[in-house]
Amino acid sequence: MNHFTSKDIWQGIILFGLNAATYKMALANSLLELSSKGMTEVEWEVLSESFLKQYQKRLATTKMPQQSNPSRLTVMERIVASLQSKTITYDEAVNRVGAKGLNDVVPRFQTIGSNKDIVDEHFYEIDFGKKIIIKDPLLSFSSQDREQLRSELLARWSLLEGAFSISTNNIELANDIREIYLLTGYERTSLTANIPFLSGYQGGICFYCGEPLIDSIHVDHVLPRQVLNHDEIWNLVLAHRDCNLLKSDKLVGPHFIRKLIARNENIMGSNHPWKHKISTALGETPKKRARTLQRHYDNVKKVLGAYWWGGLPSYNPSSDPFYKRLITVINNPDIGVPR
Ligand SMILES: [Zn+2]
């Protein structure tokens, strides 16, 4: 597993798994902030303060649930509420975070799903209750990487809150509302809101050329919108502006359909509010989803003709970094080597 980059492993921690609460996202933001200052040893109290700050900021702007059980508040929500109502002092709040807020998440952060072996102590070592020692992989993220990872974790945090709030309400009503958003959300601007989280699930690279996504990112309908006539997430990917223009409304080659199937499985492997939407649209198992998507592809082929666009001449699926990302490997165990 050690051929994965640190960024890959980090994204595995953030993007994979059925998080029961938002703790990992808050700790991730603390770790990025503290390590960006070059801190190598972080005292428990300093970490507690940073972790508290994440929730103070978050809860000042949202009333969204922070865990999957809606009838209970997380320890952090209770501490922030006590602080706000002045029933405890700031120092007491920091002490409580140190005693009750960090004890689960600090040891558990460096796992992917329930697997501890992949990450091991890649990003930090723990001297429990005293300090953590930040290691080189975390210290050496570039500022560009940090920015990307930060926007991904904040997007993921929002998505978890969305998922928790859906499970708390009438699911049919929630679906009706999302249906309305889908029906009304046909403008380009509504699609750009999908950029931060889609990026992680397709490995941070352009869907069509496999090069890093940096500026002027476009949201593209893999199967042309002019045929499908909808903006469903299972058909949306991110691409460079130029790649998107080259592809335009063409039918894509079958290798891109295969990639889209794998990208969708990356979303299915996470606690994502649109997971339900994807399984409703495509099917409940990976096999059914692959078959349904293939059927849509065949339908589009009937409309547009069998001629397809295979990507830039330099693009080769067998060297596409997407297939080497941990998130892809872990969600697509049967994927094999692309042809
Ligand atoms: Zn591109």
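Anyway, here's the lowdown on the structure attached to this text. Predicted model only: the values in this text are computed from it and were never measured. (Residues numbered from 1 in each chain as written. Predicted model: local features only at pLDDT ≥ 70, side-chain atom pairs only at ≥ 80, totals over all residues. Heavy atoms only, no water.)

Topic: the coordination of the zinc ion
Stated precisely, the cut-off is as follows: Here the coordinating atoms are restricted to nitrogen, oxygen and sulfur within 2.8 Å of the metal centre, or 3.2 Å for Na, K and Ca, and because water is not among them the sites may look incomplete. Key to geometry: four donors with every angle between 85 and 135 degrees are tetrahedral; four donors are square planar and six octahedral where opposite donors lie over 155 degrees apart and all remaining angles lie between 65 and 115; all other sites are irregular. A run of DSSP states H or I qualifies as a helix once it reaches four residues; a run of E qualifies as a strand once it reaches two. Both are numbered from the N-terminal end. Using a 1.4 Å probe on the protein chains alone, a residue whose accessible area is under 20% of its type maximum counts as buried, one over 50% counts as exposed, and one in between counts as partly exposed.
Listed as protein donors to the zinc ion are Cys206 (SG), Cys209 (SG), His240 (ND1) and Cys243 (SG); their distances from the metal cover 2.1 to 2.4 Å. What the 4 donor atoms of the zinc ion show is an angle range of 96 to 121° at the metal, which sorts the shape as tetrahedral. Donor residues for the zinc ion sit on one chain with the sequence pattern C-x2-C-x30-H-x2-C. Placement of the pair is Cys206 in the loop between helix H11 (195-201) and strand E4 (217-221) and Cys243 in helix H13 (residues 241-247), with a sequence separation of 37 residues. Across the pair, exposure class does not vary: Cys206 and Cys243 are buried alike.

Here we look at the environment of Trp308
Applicable threshold: Two residues qualify as a contact provided that any one of their heavy atoms is within 4.5 Å of a heavy atom in the partner residue.
For Trp308, the location among the structural elements is in the loop between helix H16 (286-304) and helix H17 (326-331). For the pair Trp308 and Gly253, spaced 55 residues apart in the sequence, the C-alpha separation amounts to 5.3 Å. In this structure, Trp308 is in contact with Leu251, Val252, Gly253, Pro254, His255 and Tyr297, ignoring residues within four places of it in sequence.

Quick notes on the environment of Gly253
Mapped onto the secondary structure, Gly253 falls in the loop between H13 and helix H14 (254-268). When the C-alpha positions of Gly253 and Tyr297 are compared, they lie 9.9 Å apart, and in sequence the two are 44 residues distant. Residues in contact with Gly253, not counting those within four places in the same chain, are Tyr297, Trp308 and Trp309.

Considering the nonpolar core
To be explicit about the condition: In this text, buried Ala, Val, Leu, Ile, Met, Phe, Trp, Tyr and Cys residues form a nonpolar core when linked through side-chain atoms within 4.5 Å. Where a domain begins and ends is set by an automatic assignment or by a domain database.
Trp10, Phe51 and Tyr208 are the most contacted members of the largest nonpolar core, which totals 88 residues. At 8 residues, the largest contribution of residues to this core is made by helix H2 (residues 23-36). The residue makeup of this core includes at least three contributed by each of domain 1 (6-139) and domain 2 (184-331). Apart from the residues within four sequence positions on either side, Trp10 is in contact with Ala28, Leu31, Leu32, Phe109, Phe123, Leu138, Phe141 and Leu149. If you look at the next biggest cluster of nonpolar residues, it comprises 5 residues, including Ile205, Ala262, Phe322 and Tyr323.

Thoughts on the pattern of salt bridges
As a reminder, the rule being used: Just to be clear on terms, a salt bridge is a Lys or Arg side-chain nitrogen sitting within 4 Å of an Asp or Glu carboxyl oxygen.
Using the criterion set out here, one finds 13 salt bridges in the structure. The shortest N-O distance in the salt bridge between Arg325 and Asp8 comes to 3.8 Å. Of this pair, Arg325 sits in the loop between H16 and H17 while Asp8 sits in helix H1 (residues 6-15), and the two are 317 residues apart along the sequence. Here Arg325 matches Asp8 in class, with each residue buried.

Thoughts on a positive patch on the surface
Basically, it comes down to this: Any residue with relative accessible area above 30% and no salt bridge may belong to a patch, with like charges joined within 9 Å and the nonpolar Val, Leu, Ile, Met, Phe, Trp and Tyr side chains within 5 Å. In these tables, accessible area is a Shrake-Rupley quantity obtained with a 1.4 Å probe, and a residue counts as shielded only by the protein chains included in the view. Only four residue types enter the tally: Lys and Arg on the positive side, Asp and Glu on the negative side, with His and both chain ends excluded. Where a charge lies is defined by one atom per residue type: Lys uses NZ, Arg uses CZ, Asp uses CG and Glu uses CD.
Taken together, the side chains of Arg72, Arg78, Arg96 and Lys100 present a region of like positive charge at the surface. Its place among the elements puts Lys100 in helix H5 (residues 90-101).

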